[in-house]
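Single-letter residue listing:
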Amino acid sequence: MCSPIMGVTLGMQAISGAMQAKGQYEQGKAEEQAYKHQAAVNEQNAKLAQVSADIARQGAMIEEDKSGKQFEQLLGTQRAVMAANGLDGGSGTNSMVLQDTAREGAEEATWIRHQGMMKKWGFQNEQYQHLRDADMNRAAGKNARKAGKMNAFGTLLSTAANMAMTGYQMGGTGGGKTPTKSEAPVQGPRRPDGTF
């Protein structure tokens, strides 16, 4: 038979264990939601990085085109000045000047193209990092949810074991209890043959 004190004690242990288990389960769910939110932020940042990569490449193309037009205009001006002064642009020093201008134009176009590609690559690398972080956050969220469930289950098992031990110690099981001195059976004096 269960005493009122034992019933209250076991009830409190059960409530405490259940509340702790529920808290662990809810914490796991909350952590999972936080990781999911962070994964969504990572994916949004990845999209922004892709847009920035596209803008960097388009900007480089526009800058390369603008530079090419400026060098074509410079070459046209140089040819016109040479022609106005009666100089032949196809030979000698004049030809070398025009060739140097064309080479400078080509080098600048290559430099602009290279810079655009480097910017684009940087943004694409950033995009990759964001997508990788999103995957890691989703995995961490799943792990947090699983850990919350496992912790809650462990707490329930531990609570059940503690309740069983408390019941045993308080004598609720009816067996295995060592009687105290006051509960020992009253025995009379022994007879000479050793019996009571």
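Structure: see above.
Heads up: these notes are all about the structure in this document.

Rules and cut-offs
- Residues numbered from 1 in each chain as written.
- Predicted model: local features only at pLDDT ≥ 70, side-chain atom pairs only at ≥ 80, totals over all residues.
- Heavy atoms only, no water.
- Helix = DSSP H or I, 4+ residues; strand = E, 2+ residues; numbered from the N terminus.
- Polar contact = N/O pair within 3.5 Å; in protein donor to acceptor, adjacent residues only side chain to side chain.
- Expected span 1.5 Å × (residues − 1).
- Salt bridge = Lys/Arg side-chain N within 4 Å of Asp/Glu carboxyl O.
- Buried < 20%, exposed > 50% of the residue type's maximum accessible area, 1.4 Å probe, protein only.
- Contact = heavy atoms within 4.5 Å.

## Observations concerning the side chain of Asn94
Then, number 1: By the element assignment, Asn94 lies in helix α2 (residues 92–169).
Then, number 2: Separated by 3.3 Å, the side chain of Asn94 and the backbone oxygen of Asp88 make a polar contact.

## Some words on helix α1 (residues 4–84)
Because the α-helix completes a turn every 3.6 residues, residues three or four places apart line up on one side.
Then, number 1: Along its 81 residues, α1 runs 118 Å from first to last C-alpha, staying within 8% of the 120 Å computed at 1.5 Å per residue.
Then, number 2: A positive phi of about 75° marks Gly86, the residue just after α1.

## Section: the pattern of salt bridges
Then, number 1: Counted by the stated rule, this structure contains 10 salt bridges.
Then, number 2: For Glu43, the salt bridge goes to Arg138, with nearest N and O atoms at 2.6 Å. Within this pair, whereas Glu43 is found in helix α1, its partner Arg138 is found in helix α2, the two being separated by 95 residues in sequence.
Then, number 3: Under the relative-accessibility criterion, Glu43 is labelled partly exposed at 32%.
Then, number 4: A salt bridge links Lys69 to Asp65, with the shortest nitrogen-to-oxygen separation between them at 3.3 Å. Taken together, the residues span about one helical turn, with Lys69 and Asp65 both in helix α1 at a distance of four residues.
Then, number 5: A residue is classified by how much of its surface remains accessible, and Asp65, at 41% relative accessible area, is partly exposed.
Then, number 6: Through salt bridges that share partners, Lys22, Glu26 and Lys29 make up one connected network.

## Details of the side chain of Gln127
Then, number 1: Summarising the element assignment, Gln127 is placed in helix α2.
Then, number 2: In this structure Gln127 comes out as buried when scored by relative accessible area, which is 19%.
Then, number 3: Looking at Gln127, its side chain comes within polar contact range of the side chain of Gln50, at 3.4 Å.
Then, number 4: Non-local contacts of Gln127, meaning those with residues more than four positions away in its chain, are made with Ala46, Ala49 and Gln50.

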